[in-house]
Amino acid sequence: FRPQTIRMQVLGHKLLQSRNMKRTCCEIQWCVGMHCSSINFGVDKPEKPSLPADYKVPEVWNFNEQAGPMGAINRPTSGARHEKTLQVGKHPIQLYSLGTPNGQKVTILLEELGAEYDAWKISLKDLDQFGSDFVKVNPNSKIPAMMDHSFNPP
């Protein structure tokens, strides 16, 4: 028994569109030694409209402030929105987070490692994650964020 080289190539690829369906068609040929075979297949995929038929995309998009206590969180821009200094404790590691599932993961990690750290609450409702010092730690304004002051610069 000796291994054979298998050659495979796509002979044709077509995209056929009908009213609400897209059909992708292919023919694949493969050869083992001197024997060649081929197969044709097609896949139907229903086309889903992404926007309502009567929707018109505006030439210039304007952001409208959303109402409610959490409306100010989602904006199309990033960066600091107000001046706020972050607290720094006595340990080198400073954790800025909240008791959310992602915030708990880092706390569990630090506890398991036996690391000494100071934890500070970042209130999402009060938009603390958009303060000037927090944005320096995490430009995406996401929690958790951590600073290690044992290095210079931290």
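See the structure shown above.
Residues numbered from 1 in each chain as written. Predicted model: local features only at pLDDT ≥ 70, side-chain atom pairs only at ≥ 80, totals over all residues. Heavy atoms only, no water.

Trainee: How would you sum up the packing of aromatic side chains? Please name residues and give values.
Mentor: For the coordinates displayed, the defined rule picks out zero aromatic pairs. Geometry around Phe 130 places Arg 81 over its ring, the cationic atom sitting 3.6 Å from the centre. (Phe/Tyr/Trp six-rings, centres within 6.5 Å; stacked < 30°, edge-to-face > 60°. Lys NZ or Arg CZ within 6 Å of the ring centre and 35° of its normal.)

Trainee: Break down the side chain of Gln 129 for me, citing the residues and quoting the values.
Mentor: Along the chain, Gln 129 turns up in the loop between strand S5 (117-121) and helix H2 (132-137). The class for Gln 129 is buried, based on a relative accessible area of 3%. (Helix = DSSP H or I, 4+ residues; strand = E, 2+ residues; numbered from the N terminus. Buried < 20%, exposed > 50% of the residue type's maximum accessible area, 1.4 Å probe, protein only.)

Trainee: Any chance you could break down the side chain of Asn 138 for me, citing the residues and the numbers?
Mentor: Its place among the elements puts Asn 138 in the loop between H2 and strand S6 (145-148). Overall, Asn 138 belongs to the buried group, its relative accessible area being 14%. Here the side chain of Asn 138 touches Asn 140 through a polar contact of 3.0 Å, landing on its backbone nitrogen. Among the polar contacts listed, one links the side chain of Asn 138 to the backbone oxygen of Lys 142, at a separation of 2.8 Å. (Polar contact = N/O pair within 3.5 Å; in protein donor to acceptor, adjacent residues only side chain to side chain.)

Trainee: Go over the environment of Gly 89 with me, naming the residues and quoting the values.
Mentor: Within the secondary structure layout, Gly 89 lies in the loop between strand S3 (35-46) and strand S4 (93-97). A residue is classified by how much of its surface remains accessible, and Gly 89, at 28% relative accessible area, is partly exposed. Excluding residues within four positions of it along the chain, Gly 89 makes contact with Gln 94, Asp 118 and Trp 120. (Contact = heavy atoms within 4.5 Å.)

Trainee: Before we move on, could you go through the pairing of S4 and cite the residues and values that matter?
Mentor: In terms of burial, S4 is a largely internal element, five of the five residues being buried. Of the two faces of S4, the one lined by Ile 93, Leu 95 and Ser 97 and the one lined by Gln 94 and Tyr 96 are each fully buried. The sheet contact formed by S4 and S5 spans five bridges and is parallel. By the bridge assignment, Leu 95 is partnered in S5 with Ala 119. A crossover connection joins S4 to the parallel S5 through helix H1 (residues 101-113); in handedness this β-α-β unit is right-handed. Pairing between S4 and S6: four bridges, direction antiparallel. Within S6, the position partnered with Leu 95 by the bridge is Met 146. (Pairing = 2+ DSSP bridges. Right-handed = clockwise from strand over helix to strand, strands pointing away.)

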